[in-house]
Each structure stands twice: as structure tokens, then as C-alpha cells.
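Structure at a glance
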Amino acid sequence: MLKLPVCPHCHAVYSYKEVSEMKQGERFCYHCKKKYRVDKITGSLIFISAVCIVLVCLNLFLFCTNENINMILLILLNLSVVTSAVLILPLTVRFKAEKIKKAEKRRLKK
Ligand SMILES: [Zn+2]
């Protein structure tokens, strides 16, 4: 699930930087010129909820196993998990093949 998205038509590869700067919506592939839809929401929602569950479990576990837990250490640990989650976020972006509408097809033929 966690990998950079590729063009659904020609499997052209996009760089991490390109993907992280992409916005939700329609785009044309730089390689095959076909249309696809950038879906940032579905993947990131699943990923963020998974990270939240992991963080809650991790904190509960640390609180239960260590009686004199260091608050600063705990905050640092949480921050590092959140930072790595933000860095991984572009890997949850997916490209979906977009059907070209009839009107556009006609225009492309001309
Ligand atoms: Zn392509």
C-alpha cells in the first residue's frame, strides 16, 4: 500500500517531490498524455487513522508498563511518529484512470 503512485495507463513513475506537490483532482500524464484522477484523500484518511490508533496504543502501553515515565521522552516519541507519518503521506496518494468524456474524445481526434 505504501509506495509512490504510477500512471494507471502507462505506469510512468513520478518522483516523491512531484507527488507531494500534487493537488486533488484531474491531471494529464507527462508520458502518455492520458487523463487520471489524483486521489489524496482516501489513502491519507486510512493512513492517518492507522497512525492515530498506533499512537494511542503506544502511549497506553508506555503508561501501563512504566510507572515513572518521562513526559519529555513521551512527547519526543509522539512527535517523531507524527513527523515520519507526514513524510510517508505522499506514498498514500493514488492515481485512478479517468474515462475521457465523449466531447473530449471528439476534440482530441481533430
Ligand atoms: Zn501515463
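Anything mentioned here points back to the structure above.
Residues numbered from 1 in each chain as written. Predicted model: local features only at pLDDT ≥ 70, side-chain atom pairs only at ≥ 80, totals over all residues. Heavy atoms only, no water.

1. Description of a nonpolar patch on the surface
Side chains of Phe-63, Met-71, Ile-72, Ile-75, Leu-76 and Leu-79 sit close together on the surface and give an oily, nonpolar patch of about 630 Å² of accessible area. Per-element accounting of the nonpolar patch gives the leading share, five residues, to helix 3 (residues 71-88). Relative to the elements of secondary structure, Phe-63 occurs in helix 2 (residues 41-65). Classification of Phe-63 as partly exposed rests on a relative accessible area of 45%. (Patch = residues over 30% accessible without salt bridge, like charges linked within 9 Å, V, L, I, M, F, W, Y side chains within 5 Å. Areas by Shrake-Rupley, 256 points an atom, 1.4 Å probe, with all protein chains shown as cover. Salt bridge = Lys/Arg side-chain N within 4 Å of Asp/Glu carboxyl O. Helix = DSSP H or I, 4+ residues; strand = E, 2+ residues; numbered from the N terminus. Buried < 20%, exposed > 50% of the residue type's maximum accessible area, 1.4 Å probe, protein only.)

2. Things to note about the packing of helix 2 against helix 3
Put simply, helix 2 and helix 3 touch, their axes get as near as 11 Å, and they point 165° apart. Taken together, helix 2 and helix 3 sit at an angle that is classed as roughly antiparallel. Between helix 2 and helix 3 lies a crossing of right-handed hand. Here Phe-47, Val-51, Leu-55, Leu-58, Asn-59, Leu-62 and Phe-63 of helix 2 lie close against helix 3, whose contacting residues are Leu-74, Leu-77, Asn-78, Val-81, Val-82, Ala-85 and Ile-88. (Axes fitted to C-alpha atoms, helices over the stretch in contact; angles between N-to-C directions. Parallel < 35°, antiparallel > 145°, perpendicular 65-115°, else oblique. Left-handed = near helix turned anticlockwise from the far one by under 90°. Contact = heavy atoms within 4.5 Å.)

3. Overview of the side chain of Glu-98
Looking at the secondary structure, you find Glu-98 in the loop between strand 3 (94-97) and helix 4 (102-109). In contact with Glu-98, not counting residues within four places along its chain, are His-9, Glu-26, Lys-35, Tyr-36 and Arg-37.

Function cannot be inferred from these measures alone, as they are strictly geometric.
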